[in-house]
Number of protein chains: 2
Amino acid sequence: MKVTDQFTVMPEGTITTPAGFRAGGLHCGLKKTTRYDLGIIVCDVPAQAAGVYTLNAFQAAPLGVTQASIAVDGKLQAVLVNSGNANACTGKQGEEDARAMRTAAAKAFGVAEHHVGVTSTGVIGELLPMPKVLSGIEELPSQVKADGAEDFCQAILTTDLVQKMTCVRLTVGGKTVHVAGAAKGSGMIHPNMATMLGFITTDANIANVHLQKLLNGVTDTTFNMITVDGDTSTNDMVVAMASGLAGNESLTPEHPDWAAFEAGFRYVAEYLAKAIARDGEGATKLIEVTVAGAESQEAARAIAKTVIGSSLVKSACFGADANWGRIIAAVGRAGQPVNTETVHIQLGDIVVLEQSRPVKFDEDRALAYLKGELVQILVNLNMGNESATAWGCDLTYDYVRINAAYRT
Amino acid sequence: MKVTDQFTVMPEGTITTPAGFRAGGLHCGLKKTTRYDLGIIVCDVPAQAAGVYTLNAFQAAPLGVTQASIAVDGKLQAVLVNSGNANACTGKQGEEDARAMRTAAAKAFGVAEHHVGVTSTGVIGELLPMPKVLSGIEELPSQVKADGAEDFCQAILTTDLVQKMTCVRLTVGGKTVHVAGAAKGSGMIHPNMATMLGFITTDANIANVHLQKLLNGVTDTTFNMITVDGDTSTNDMVVAMASGLAGNESLTPEHPDWAAFEAGFRYVAEYLAKAIARDGEGATKLIEVTVAGAESQEAARAIAKTVIGSSLVKSACFGADANWGRIIAAVGRAGQPVNTETVHIQLGDIVVLEQSRPVKFDEDRALAYLKGELVQILVNLNMGNESATAWGCDLTYDYVRINAAYRT
């Protein structure tokens, strides 16, 4: 992730730093503890909106409601989230409940129904306890504030160990613009799956059609390039909202500052994606796999994802084992063209394979490198000019412990 | 796996039970312990031969040598195997070494070079210590005997916990025919991957073209439907040899007893495949996933393999957690057509999902069932008439321990 002079990272920035956004959270009773389980991001004005949604055939009810809202006029003014219950595989009642949440939030905040998005994460196959949810929504407006980002983040977390949030500042046509993001993911929802939810806010003035295209492109190379265990949730969703309150002239791909905006937006998405991978269940380290020298983007991405998803590679990283045989085997089974004579592999700056042949390397140095918190694996196919990067984490005893636990 | 009246399982049968086969093993010094690491199956006559090979782009050297041997006249009289070194990613020297092993075995046993197959399993990327291997091969003839199957099996094992061998008897045109098999797999080759090697012997009289077709078809629904961790080795191979010494009239698909022969052959392959899955690294149980009611074989197989390969499903089985949400999520991400309203899921005979909606079930009974050594998961899509079964094992602390170990 390159931080360029196109934008500045704001260490104290949050999703409410972009002009127009407030947020909040509270405990309505979905989690057994007193931790927050209901949250909202609200904008002073209807914001240009874009969304990307899970490809899992069993899409949870809230995703359809959010899609329907954005479809009306491409705007959202509020995004509601609950944790503790995914409202997935809940049939018609689940759809009604998601719509009822939207209606209640619209009423509580005085915004149009079709300007409200709904997201959920948690247990699959259980109906929401709607009385708790609805009274929580009624109480939400009193909890929403300009510095409510932390509360919102608590409401989206489950077993995530750290909050995931970042913010950048850049200049568009002389005006200061902010892009910020928050995410949850990879923490196990007791008892179900690791849902990824992403929320991106910006005060840039940008039409939703451009925002959607930008979000699609950026998602392909960030959120879609992480894996904790290869399981795709029914609830994965990323929503972006642009308030336009920075007052810049409208951003289009032709605008001279588009590249800076895209770079800042990409930084936010990549930061969140890597934070999710690093906080993977039971993970002790972030693994970054870059495949270079591929004949096509498709091949580079497929191979990077196969390597990052290999249980054998993940276990070897946990054990700090410089086991390049597992890496090349994963490269070979990705179903993409490879030249079996030209593969180059290195761990950090330690070359272990050249022209597909093992290279003597310093095992102690490799061990020291692999024991670190970031392992960067480079695979150069030496066949073309395309490259791609994927992120994941090691496979540990704790992953098994977390995921073998009884639901009860 | 149905045992029909078409064949009889012989509990004491081995790969040398079919007429004409002998086998043996010895320690030549590839393994650090004194366990056998070199073995051979020899036939009294050139046997009709067939083989299936890994789809990994990085195919180890011995696979090419075996393919080249069979290509000459479709026959093999001996199959040599070594463990402790995979002879993979070893370049031109590796190819020369594999050919030298073939030459040495042909000389030692007095058979034609092109009637010798070579298989290897073990460390990737290290050259074979050829002096040890060649003197081992010279010594092999004195170790080969009619009851040498156990010795052969020891020579192919690595960290496999149990030997995997079976034999059936059936009648073809009034003659008694045997089909037997041995396999290794899923035990970790220190330090590399879980190679699967399968050896099938029969005394049936059958032309290699029919044997190859039978092996291809049976492999698709047996060896190709197991997964321990989704990693495909560079060395996977299954070889079948038919001595013809049962004296039956030549078997073709048109023969009235073809169905019985196919059933027996399939039993042997499925037995070995399930034994490999059950003996998966760190496994405490066998998991069997059947997908029924699919629109196509392709869809049924893809979904069954996605479910069996899900780390979340595998962890849940280890934890005896009746977590059907993970199962349906895996069904939904398999990239195959599913009707999200009609899915039925059961664990053993405990129905947990009907018409895609959760069913109240007895949690204690489910816990007791999942604690067993065999977990059968049935997913009925209720869309068509195709079905497929896949086998795997649970994901445990021991899997991580075994695979995180330093190579040193």
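What counts, and where the lines are drawn
- Residues numbered from 1 in each chain as written.
- Chains lettered and ligands numbered in written order.
- Predicted model: local features only at pLDDT ≥ 70, side-chain atom pairs only at ≥ 80, totals over all residues.
- Heavy atoms only, no water.
- Helix = DSSP H or I, 4+ residues; strand = E, 2+ residues; numbered from the N terminus.
- Rg over C-alpha atoms; globule rule 2.2 N^0.38 Å.
- Buried < 20%, exposed > 50% of the residue type's maximum accessible area, 1.4 Å probe, protein only.
- Contact = heavy atoms within 4.5 Å.
- Least-squares fit on C-alpha atoms with pLDDT ≥ 70 in both.
- Phe/Tyr/Trp six-rings, centres within 6.5 Å; stacked < 30°, edge-to-face > 60°.
- Disulfide = S-S within 2.5 Å.
- Core = buried A, V, L, I, M, F, W, Y, C linked by side-chain atoms within 4.5 Å.
- UniProt positions renumbered as here; feature names shortened; annotations may be inferred.
- Buried area = accessible area lost by both parts, 1.4 Å probe.
- Salt bridge = Lys/Arg side-chain N within 4 Å of Asp/Glu carboxyl O.
- Nonpolar A, V, L, I, M, F, W, Y, C, P; charged D, E, K, R; others polar.

> What's the story with the overall build of chain A in this structure? I'm lost.
In terms of helices and strands, chain A carries 11 helices and 15 strands. Computed over C-alpha atoms, the radius of gyration of chain A comes to 22 Å, within 12% of the 22 Å expected from 2.2 N^0.38 for 408 residues, which places it in the range of a compact globule. In chain A, which comprises 408 residues, the proportion classed as buried is 61%. Here the contacts in chain A between residues at least 6 apart in sequence split such that 79% fall between residues at least 24 apart.

> Could you clarify how one ought to interpret the relation of the copies chain A and chain B in this entry?
The relation between the two copies of this chain is a rotation about an axis and a shift parallel to it. Between the two copies, chain A and chain B, the superposition gives an RMSD of 0.0 Å; the rotation angle is 180° and the shift along the axis is 0.0 Å. Overall, the copies show the geometry of a two-fold rotation axis. Distance from the rotation axis, computed per C-alpha, reaches its smallest value in chain A at A:Y397: 2.7 Å. With an isologous cut-off of 70% or more, the 97% of interface residues of chain A that recur at the interface of chain B puts this contact in the isologous class.

> I keep staring at the packing of aromatic side chains and nothing clicks. Help me out?
For any pair of aromatic rings, the description consists of the separation of the ring centres together with the inter-plane angle of the planes. Tallied over the entire structure, the rule returns 12 aromatic pairs over all chains. Through a chain of ring-to-ring contacts, the aromatic side chains of A:F7, A:Y267 and A:Y271 assemble into a single cluster.

> Teacher, can you tell me more about the state of the cysteines here?
Throughout this description, disulfide means a covalent bond between two cysteine sulfur atoms. Following the criterion strictly, the structure yields zero disulfides over all chains and no others. This cysteine, A:C89, is not joined by any disulfide, and B:C317 carries the nearest cysteine sulfur, 18 Å off. A residue is classified by how much of its surface remains accessible, and A:C89, at 14% relative accessible area, is buried. We note that B:C43 lacks a disulfide partner, and the nearest cysteine sulfur, in B:C167, lies 14 Å from it.

> Got a minute to help me understand the nonpolar core in this structure?
Most often, soluble globular proteins keep nonpolar side chains buried together rather than apart. Core analysis: the largest hydrophobic core is formed by 109 residues, its most contacted members being A:I15, B:L170, B:F261, B:F265, B:I377, B:V379 and B:L381. The biggest single contributor to this core is helix α6 (residues 258-278) of chain B, with 12 residues. Once residues lying within four places of it in the same chain are set aside, the contact partners of B:F265 are B:V179, B:I200, B:L211, B:L214, B:L215, B:V218 and B:A240. Among the nonpolar cores identified, the runner-up in size contains 108 residues, and A:L214, A:A269, A:I308 and B:A149 belong to it.

> Whenever I open this one, the UniProt feature "active site" (unreviewed entry) in chain A confuses me. Can you help?
Mapped onto this numbering, the UniProt entry annotates "active site" (unreviewed entry) at A:T195. Tracing the backbone through its elements, the reader meets A:T195 in the loop between β7 (175-184) and β8 (197-202).

> I'm lost on the interface of chain A and chain B in this one. Help?
Often, the extent of an interface is quoted as the loss of accessible area on bringing the components together. If you look at the interface, chain A gives 60 residues, while chain B gives 58 residues. Roughly 4,800 Å² is buried in total at the junction of chain A and chain B, and carbon and sulfur atoms are behind 58% of that figure. Viewed at the interface, chain B and chain A are joined by zero salt bridges. With eight residues, helix α9 (residues 324-332) of chain A is the largest single contributor of residues to the side of chain A that touches chain B. Grouping the amino acids of the side of chain A that touches chain B by side-chain chemistry returns 31 nonpolar, 18 polar and 11 charged.

> Would you take a moment to explain the pattern of salt bridges for this structure?
With the rule as written, the count across this model stands at 14 salt bridges over all chains. Its salt-bridge partner being A:D279, residue A:K164 comes within 2.7 Å of it at the nearest N-O pair. In this pair, A:K164 sits in strand β6 (residues 164-172) while A:D279 sits in the loop between α6 (258-278) and β10 (286-294), placing the two residues 115 residues apart along the sequence. A relative accessible area of 1% places A:K164 in the buried class. The buried category is assigned to A:D279, whose relative accessible area is 8%. When the shortest N-O distance is used, the salt bridge between B:E262 and B:R266 registers 3.4 Å. Highlighted residues: B:E262 and B:R266, both in helix α6, separated by four residues, approximately one helical turn.

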